[in-house]
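Coordinate inspection notes
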Amino acid sequence: MGRKRSPAVNALFTWVRSQSTMAKIMMALTVMIVSLVGLKHFVANHNNLFVASESVHAAGIIVLIYKLTTLKSCAGLSLHTQELTVVVLAVRIGCYFAIGHSIHTVLDLAALVSTVLVIYLMRHKVNATYHQHLDKTRKFHLLLPCAVMAFFIYPNSGIPLIAKMSWAFGVYLEAISVLPQLHMMQRTQMVEPFTAHYVFALGVSRFLRAAYWILRVYESTEAYLFLLGRGYFWVPMVLLSEIVQSFILADFCYYYLKSIVSGSRLVKLPRV
């Protein structure tokens, strides 16, 4: 039985939900800007934001593995999102051979191995609980636009052209790889706790990654504005991709926090 939330919190959630879509977007932007200002002043080394992002993502994957191995169920999980995540990580790791290795390589490799394990468990150990009829988003419809954009807009650096395009492809695909999972949850409308914890961790991870890139661009204003002045679109595309990831997950995070405050174990999503 869930705990009863305070009237003030109930009134706040009711007020937010009653606002127009544009008002909600403006509120989300305000919260994001305030959070960015706070991170800029309280996090001395902004590279830690990237590490924190990967760590939160890892925590979400650990929750999934616990669910799959303990509860013997993958109900509510999108296999397509996990497969797209593997593509993103594999492409990024391949690019490190041209860019250079760092702590990011280790973190991405750990995430890749863990995600492959999740896919193996879903396909071969708990496949009877997989709701394939709800996981209907076609991966090709997400892969193709990302490949086309990567062909035209990619970073301007000294690495080989194929590595530049591959890195861009990974950035674009990562921004929308969670869509199959969100579409699947919208179809079920009730999200069980472990899946909800994973998606919320993904939302926090995406926000920290977006903060990392935005602050990195802010700290290098002159260099990036020089490139923008020459008609160079890679930097704004990276920022747009990171922001899109955050906003895609923002709505779910709202309902997740609402369910936590109300003491509910399930996250109830609105009918679409």
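Residues numbered from 1 in each chain as written. Predicted model: local features only at pLDDT ≥ 70, side-chain atom pairs only at ≥ 80, totals over all residues. Heavy atoms only, no water.

Averaged over every residue, the pLDDT of the chain is 79; residues scoring 70 or more account for 77%. Helix α10 (residues 221-229) is the least confidently modelled element of the chain, averaging 48 in pLDDT, while helix α6 (residues 140-152) averages 93, the highest of any element. A low-confidence stretch, residues 225-231 stays under pLDDT 50, and its non-local contacts, those more than four residues away or across chains, total two contacts. (pLDDT = per-residue confidence, 0-100. Helix = DSSP H or I, 4+ residues; strand = E, 2+ residues; numbered from the N terminus. Contact = heavy atoms within 4.5 Å.)

Time to look at the nonpolar core. The nonpolar side chains of a soluble globular protein tend to be buried, and buried together. By size, the foremost hydrophobic cluster in this structure holds 63 residues, and its most contacted members are Leu68, Met122, Tyr172, Phe252 and Val267. Those elements that provide at least two residues to this core are α3 (47-71), α4 (79-99), α5 (103-125), α6, α7 (161-176), α8 (179-188), α9 (193-219) and α11 (234-262). Filtering out sequence-adjacent residues up to four positions away, Met122 remains in contact with Leu68, Cys74, Leu77, Ser78, Leu79, Gln82, Asn127 and Tyr130. (Core = buried A, V, L, I, M, F, W, Y, C linked by side-chain atoms within 4.5 Å. Buried < 20%, exposed > 50% of the residue type's maximum accessible area, 1.4 Å probe, protein only.)

The subject of this paragraph is the pattern of salt bridges. All told, the structure shown has nine salt bridges when counted by the stated rule. Arg92 is paired through a salt bridge with Glu54; the nearest N and O atoms lie 4.0 Å apart. A residue pair is termed long-range when its members are at least 10 positions apart, and Arg92 in helix α4 and Glu54 in helix α3 qualify at 38 residues. Residue Arg92 is classed as buried on the basis of its relative accessible area, which comes to 8%. Of the charged contacts in the structure, one is a salt bridge between Arg209 and Glu54, with a shortest N-O distance of 2.3 Å. Of the two residues, Arg209 sits in helix α9 while Glu54 sits in helix α3, which places them 155 residues apart along the sequence. The exposure classification of Arg209 matches that of Glu54, with both residues buried. Residues participating in the shared-partner salt-bridge network are Glu54, Arg92, Asp108, Glu174, Arg206 and Arg209. (Salt bridge = Lys/Arg side-chain N within 4 Å of Asp/Glu carboxyl O.)

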